[in-house]
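Geometric and topological summary
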Amino acid sequence: MAENLKVLKNESVLQIEMDEVFELGNRIREDFPILKRLVKGKPFVYLDSAATTQKPIQVIEAIKNYYETFNANVHRGIYSIAEEATAAYEEAREKVARFINARSPREIIFTRNATEAINLVMHSWGQNNVQRGDVILTTEMEHHSNLLPWQILSKLKGASLEFIGFDKEGFLKLEEFDKYKNKSVKLFAFTFASNVLGTINPVRELVKYAKEMGAITVVDAAQAAPHMPIDVQQVDCDFLAFSGHKMLGPMGIGILYGKERLLEEMEPFMVGGEMVKSADFRGSEWNDIPWKFEAGTPNVEGAIGLAAAIDYLQRIGMDAVRRHEVKLTEYALDVLARMDGITYYGPSSPEQRCGLVSFNLKGIHPHDIAMFLDNEGIAIRAGHHCAMPLHNRLGIAASARASFYIYNIPSEIDLLAMSLEKIKKMLEI
Ligand code: C6P
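Residues numbered from 1 in each chain as written. Predicted model: local features only at pLDDT ≥ 70, side-chain atom pairs only at ≥ 80, totals over all residues. Heavy atoms only, no water.

Focus on the overall build of the protein chain
Secondary structure summary: the protein chain contains 14 helices and 17 strands in total. Radius of gyration (C-alpha) of the protein chain: 22 Å, near the 22 Å computed for a compact globule of 429 residues. By its C-alpha atoms, the protein chain is 70 × 55 × 35 Å across when sized along the principal axes. By residue count, 59% of the 429 residues in the protein chain fall in the buried class. (Helix = DSSP H or I, 4+ residues; strand = E, 2+ residues; numbered from the N terminus. Rg over C-alpha atoms; globule rule 2.2 N^0.38 Å. Buried < 20%, exposed > 50% of the residue type's maximum accessible area, 1.4 Å probe, protein only.)

Thoughts on the packing of helix H3 (residues 57-70) against helix H4 (residues 80-99)
Viewed as axis vectors pointing N to C, H3 and H4 meet at an angle of 155°, and their least axial separation amounts to 10 Å. For the element pair H3 / H4, the angle class is roughly antiparallel. Every residue of H4 that contacts H3 at Tyr66, Thr69 and Phe70 is listed here: Ile81, Glu84, Ala85 and Ala88. Class assignment for the residues of the contact of H3 with H4 results in five nonpolar, one polar and one charged. (Axes fitted to C-alpha atoms, helices over the stretch in contact; angles between N-to-C directions. Parallel < 35°, antiparallel > 145°, perpendicular 65-115°, else oblique. Contact = heavy atoms within 4.5 Å. Nonpolar A, V, L, I, M, F, W, Y, C, P; charged D, E, K, R; others polar.)

A word on the nonpolar core
The biggest cluster of nonpolar side chains holds 89 residues, and the ones touching the most others in it are Phe192, Ile230, Leu240 and Ile406. The leading source of residues in this core is helix H10 (residues 300-316), at 11 residues. There are two domains that each give this core at least three residues, and those are domain 1 (2-47 + 318-427) and domain 2 (59-314). Ignoring anything within four residues of it in the chain, the contact list for isoleucine 230 reads Phe99, Ile100, Asn101, Phe192, Ala221, Ala224, Ala225 and Leu240. By size, the runner-up hydrophobic cluster in this structure holds 30 residues, among which are Val45, Leu328, Ile364 and Ala402. (Core = buried A, V, L, I, M, F, W, Y, C linked by side-chain atoms within 4.5 Å. Domains from an automatic or database assignment.)

Some thoughts on the pattern of salt bridges
Evaluation of the coordinates by the stated rule reveals 26 salt bridges. Its salt-bridge partner being glutamate 30, residue lysine 36 comes within 3.7 Å of it at the nearest N-O pair. Relative accessible area serves as the criterion here: at 41%, lysine 36 is assigned to the partly exposed category. Its relative accessible area of 42% is what places glutamate 30 among the partly exposed residues. For aspartate 288, the salt bridge is made with lysine 277, and the minimal N-O distance between the two is 2.9 Å. With aspartate 288 in the loop between strand E12 (284-286) and H10 and lysine 277 in strand E11 (residues 276-279), the pair connects residues that are 11 residues apart, well separated along the chain. (Salt bridge = Lys/Arg side-chain N within 4 Å of Asp/Glu carboxyl O.)

Concerning the confidence of the model for the protein chain
The share of residues in the protein chain with pLDDT of 70 or more is 96%, and the mean pLDDT across the chain is 94. Below a pLDDT of 50 lies the segment residues 1-16, which in the model reaches 32 contacts outside its immediate sequence neighbourhood of four places, other chains included. (pLDDT = per-residue confidence, 0-100.)

Shown next as structure tokens:
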């Protein structure tokens, strides 16, 4: 079926030179078995990678190989396959550390997902460092995962929760930081890239603002780590969270990066097996970092799958991944901007956004758009994308969202555009 999509190249509704984008997308599509299936009898067009990405055969095989040849619990057994499993689990940690240029694998904690990583910071750092009268600062463009934990912490501690707003183009209003210069801001939590607006925030600059205020930084990189090179030493954030399933890896594995000094000082998030050096009936001595934060049997399969995903991405190169998405986004914005009745949200420059476009079509609810598109074999997301306050700020209840990854090609955007035109014709809008 990938063939059908390739053929469309010459029939593009818009003639933009996209050879590089076609080349990467077409070259790797073969690695993704799911992209060969039909949906409703049509070639499957997957435009929901911001929710979760599809998995290449190399990741599926790595997990299968683990279960077929060295499945065992880690850090416990002293027999061969347990040592092999432990080595693979710890190698995955080293790979993640290199992927984001952490100083040491000790700064990498395996969690279930980005959500759990942020909750870990809220419990283990926030509960012991935030006090009555302090300010917890975040932004108006956060996913619920980087908002609700701070709502809870501010209530528990009597701290005030404050927000940096965004302008009409979807950029943070940096001048609003001035208001907080003389306040006791303890923590600034913000998204690297918005899952609705697509905006890529000036992370290095935001970290600098936070430092000037004496606040620690929590960066939600769920929509950034899969899509562009990230260097935590250069960004200089204190914590950074992301999920494996949004970057070709399996579900149930996520990452919390934390600066070693902070992790050393923090109390564990959960307690139980694995995370202690010794225990007696009345007390226990915590394990070293990062294991202090990994209570219970970890997701070994997830770590191994994530390592295979990182290998895959690095073979392509994160710069090439980013270039591919910028071009696809440029193409999508161009196509959508030419259509009557479409409003899209976020920056107009593809260089300042990640590979997703949220939009509305006048006269039709986003859920109906998504249902209609499903009949055409096209998967997009519709709703509030777990960012209800952001949608309130935009003055809308919901949006439709098309999001892209390395396996997408411009002809899929053409199909999206043609199907949207069909909806308009059918509904006479
Ligand atoms: N956004 C989306 O369709 P988890 O669920 O923990 O893997 O990721 C949470 C999360 C945190 N921050 C941002 C910016 C996100 O986009 C997400 C996940 C998906 O937009 C699922 S709601």
